[in-house]
Amino acid sequence: MKYRSTRDISKNPVYITSAEAIKQGLAPDGGLYIPESFPALTHGDFEKLCAMDYAERAAFVLGLFLDDYDKDALLTSCREAYSEKRFPGGAAPIHEMNDGIYSLELWHGPTSAFKDMALQIMPRLLSLALQMTGEERIAHILVATSGDTGKAALEGYSDVDGVKITVFYPVDGVSRMQKHQMQTTLGSNVYVAAVRGNFDDAQNGVKAIFSDKELAKRANEAGFFFGSANSINWGRLAPQIVYYISAYCDLVNSGKIAHSDKINVCVPTGNFGNIFAAYIAKMMGLPVNRFIVASNSNNVLTDFINTGVYDRTREFKKTISPSMDILISSNLERLLFTLGGADLTADLMAELKENGKYTAPDALMNTLRENFSGYFMDEDETKAAIADSYKGQGYLIDPHTAVGYGCVNKYRAETADNTPVILASTASPYKFAPAVAEAIDLPENEDIFACLTELSKATGTEIPAPLANTLGMEIRFTEVLDPRDMPTVPFRV
Ligand SMILES: *Cc1c(COP(=O)(O)O)cnc(C)c1O
């Protein structure tokens, strides 16, 4: 399996191995790496997968895409990454909500958000890639985060040999809990800085470093190179394909659906990575009828799906689902490439950079709409969805999951399509405790620890251990900087 850039418009595109793609992150032309094809899962494969545990399923699916990796090394890595110690009670359990909605809880890992599903395995994939490619330099991982990626990457890469990591987060763009989790991270190879601006400023800063040839040269002279852990990196996306296939198997195994039954998938979406992973699962043969792209008030994707115009030139809104406060959905590029090819993708991305917007051709939009529907939830609707889930069915959900849940209901009301839905539940409600507490009418609490304890007492649910543990830890990182100073950081930490 070979990988190419979404923006390589040459007659004979450059193809590289998965190890190279994971090492490089972004392609030199600014595009994203994508596999040359999507391997098909046969009925027999599905039967085999259904008989496996999560780590085996992950090794099986990853092995199809990362065929340059040793199969045993992949299985060992998956067993470590998805162990009972790291994911107590299982990596991706399903909670059955009312009316055939299956909440796929992706937040039982070390940082209580779904990013752990990829970021527990990815450092292992990178370490192997460095060995496989004979790399002697240090990989300095740069991450721009809207909150959850940062902490998950810090946990995944902390004290990994041959790697350093710096995380940039928007100074006022993350929840108190997210900030606290990042600022208290342990490890000798980690650094965290706040950037003045929003998530897109931080992400653009990181992208600018990646595409700066002069900086790359200086880094090389200093004995390191830049690597990424954002969902622009193929090593982030590939592990996310696994849990959709795994969830389908679990539903078959528990008799909720039969083999080959259609399902719908709803994903609360920011950078479009998680939902694109689900779409890849469909291209591999997972019987998905429709993808519901759920957004918050930063509804740039909803508008795009409905009108064909992608327009980031709009007010950036801070919401109670901050991990989706994004106006440039980077992974949408991979979908554009898959449906429209490199020439079109390169043109549209150049337009986006220049004018902040582009219009996709009708033919592409028609194909896109055969698979994807877009809905969004404003702040009041999101709070109402949290209250509805908790008061109506005793199930406490976080604001991101609530955006997804509300969008499933909007989709069903509009279409009367009641196909069973796998709803990606992307964070523990405790990660966003103040917003969740407010939504279910608990008194306001300035202190995070008190807020978590209140929530636990009032709902009879448990505070996830990783969150409880960070509360007493010492703050290590307090730097705040301007976006233009971001390139200095990897040279001084
Ligand atoms: C990152 C994140 C999302 C958005 O995922 P994308 O892959 O960027 O679309 C949604 N919810 C939570 C809790 C997240 O951390």
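Cut-off values and rules
- Residues numbered from 1 in each chain as written.
- Predicted model: local features only at pLDDT ≥ 70, side-chain atom pairs only at ≥ 80, totals over all residues.
- Heavy atoms only, no water.
- Helix = DSSP H or I, 4+ residues; strand = E, 2+ residues; numbered from the N terminus.
- Rg over C-alpha atoms; globule rule 2.2 N^0.38 Å.
- Buried < 20%, exposed > 50% of the residue type's maximum accessible area, 1.4 Å probe, protein only.
- Contact = heavy atoms within 4.5 Å.
- Areas by Shrake-Rupley, 256 points an atom, 1.4 Å probe, with all protein chains shown as cover.
- Lys, Arg positive; Asp, Glu negative; His and termini not counted.
- Charge placed at Lys NZ, Arg CZ, Asp CG, Glu CD.
- Near = heavy atom within 4 Å.
- Polar contact = N/O pair within 3.5 Å; in protein donor to acceptor, adjacent residues only side chain to side chain.
- Nonpolar A, V, L, I, M, F, W, Y, C, P; charged D, E, K, R; others polar.
- Patch = residues over 30% accessible without salt bridge, like charges linked within 9 Å, V, L, I, M, F, W, Y side chains within 5 Å.
- Salt bridge = Lys/Arg side-chain N within 4 Å of Asp/Glu carboxyl O.
- Phe/Tyr/Trp six-rings, centres within 6.5 Å; stacked < 30°, edge-to-face > 60°.
- Pairing = 2+ DSSP bridges.
- Axes fitted to C-alpha atoms, helices over the stretch in contact; angles between N-to-C directions.

**What to know about the overall build of the protein**
Phase 1: Within the protein, the secondary structure is distributed over 20 helices and 15 strands.
Phase 2: Expected size for 493 residues packed as a compact globule is a radius of gyration near 23 Å; at 21 Å, the protein falls within 12% of this value.
Phase 3: Going through the 493 residues of the protein one by one, you find that 60% of them count as buried.
Phase 4: Looking at the protein alone, contacts between residues at least 24 apart form 75% of all its contacts between residues at least 6 apart.
Phase 5: Accessible surface computed for the protein: about 18,100 Å², of which carbon and sulfur atoms make up 49%.
Phase 6: Counting 45 positive and 62 negative side-chain charges, the protein places the centres of these two groups 3 Å from one another.

**Description of the site of the ligand**
Phase 1: Around the ligand, 15 residues are found, and the nearest of them are K115, D148, G270, N271 and T426.
Phase 2: Interatomic distance of 3.1 Å between a backbone N/O atom of F272 and an oxygen atom of the ligand.
Phase 3: T426 places a side-chain nitrogen or oxygen 2.8 Å from a nitrogen atom of the ligand.
Phase 4: Contact with the protein chains hides 98% of the accessible area of the ligand, taken as 380 Å² for the molecule alone.
Phase 5: Here the residues of the shell around the ligand are counted per class, giving five nonpolar, eight polar and two charged.

**Quick notes on the side chain of S329**
Phase 1: Structurally, S329 can be placed in the loop between β11 (309-311) and α14 (332-355).
Phase 2: Overall, the relative accessible area of 5% leaves S329 in the buried class.

**A look at the side chain of S18**
Phase 1: Following the sequence through the fold, S18 ends up in helix α1 (residues 18-24).
Phase 2: The exposure class assigned to S18 is buried, which follows from its relative accessible area of 0%.
Phase 3: Contacts of S18, omitting those with residues within four sequence positions, involve Y3, F65, L66, D68 and Y69.

**Points about the environment of A113**
Phase 1: Turning to its location among the elements, A113 is positioned in the loop between β4 (101-105) and α5 (115-119).
Phase 2: Sequence separation between A113 and S373 is 260 residues, and the spatial gap between their C-alpha atoms is 24 Å.
Phase 3: Those residues in contact with A113, other than ones at most four positions away along the chain, are L106, W107, D148, T426, A427 and K431.

**Topic: a negative patch on the surface**
Phase 1: Together, D343, D347, E351 and E354 make up a region of like negative charge exposed at the surface.
Phase 2: You can see D343 is positioned in helix α14.

**Concerning the environment of T453**
Phase 1: Of note, T453 is situated in helix α19 (residues 448-459).
Phase 2: Taking C-alpha positions, T453 is 29 Å from V267, a pair spaced 186 residues apart along the chain.

**Things to note about helix α10 (residues 213-221)**
Phase 1: N-cap assignment for α10: the residue whose side-chain oxygen lies 3.0 Å from the backbone N of E214 is D212.
Phase 2: Positive phi shows up at G223, right after α10, with a value of about 90 degrees.

**Considering the packing of aromatic side chains**
Phase 1: Within the structure shown, the criterion is met by 19 aromatic pairs.
Phase 2: Between F304 and Y310 the ring centres are 5.8 Å apart and the planes differ by 65 degrees, which places this aromatic pair in the edge-to-face class. Here F304 matches Y310 in class, with each residue buried.
Phase 3: Chaining the aromatic ring pairs together yields one cluster made of F272, F276, Y279, F291 and F372.

**A short note on the sheet that holds strand β6 (residues 163-170)**
Adjacent strands of a sheet pair through backbone hydrogen bonds, lying either parallel or antiparallel.
Phase 1: Here five strands make up an open sheet; going across it, the order is β8-β5-β6-β7-β15 and the pairing parallel. Strands at the two margins of the open sheet, each flanked by one partner only, are β8 (224-228) and β15 (480-481).
Phase 2: In this sheet, β6 lies alongside strand β5 (residues 138-144) in parallel orientation, the contact comprising six bridges. Its bridge partner being in β6, L142 is matched across the sheet by T166.
Phase 3: The strands that helix α7 (residues 148-157) touches are β5, β6 and β7 (190-195); relative to β6, the one it contacts most, it runs at about 165 degrees.

**Section: unusual backbone geometry**
Phase 1: Positive phi is not limited to glycine here, since S112 has a value of about 65 degrees.
Phase 2: By the element assignment, S112 lies in the loop between β4 and α5.
Phase 3: Residue class for S112 comes out buried when judged on its relative accessible area of 1%.
Phase 4: The residue A416 is not glycine, and still its phi comes out positive at about 60 degrees.
Phase 5: Looking at where A416 falls in the secondary structure, it is placed in the loop between α17 (399-415) and β14 (421-425).
Phase 6: Classification of A416 by relative accessible area gives exposed; the value is 60%.

**Let's talk about the sheet that holds β14**
Phase 1: Strand order in the open sheet formed by six strands is β3-β4-β14-β9-β10-β13, with mixed pairing between adjacent strands. Looking at which strands have only one partner, the edges of the open sheet turn out to be β3 (94-96) and β13 (372-376). On average, each strand axis in the sheet is tilted by 25 degrees relative to the strand beside it, whichever way the strands run.
Phase 2: Pairing of β4 with β14 involves five bridges; the strand directions are parallel. Across the sheet, E105 pairs through a bridge with S425, a residue of β14.
Phase 3: Contacting β10 (288-295) and β13, helix α13 (residues 300-307) crosses the sheet at an angle of about 135 degrees to β13.
Phase 4: Contacts from α17 reach β4, β9 (263-268), β10, β13 and β14 within the one sheet, and its direction differs from that of β10 by about 125 degrees.

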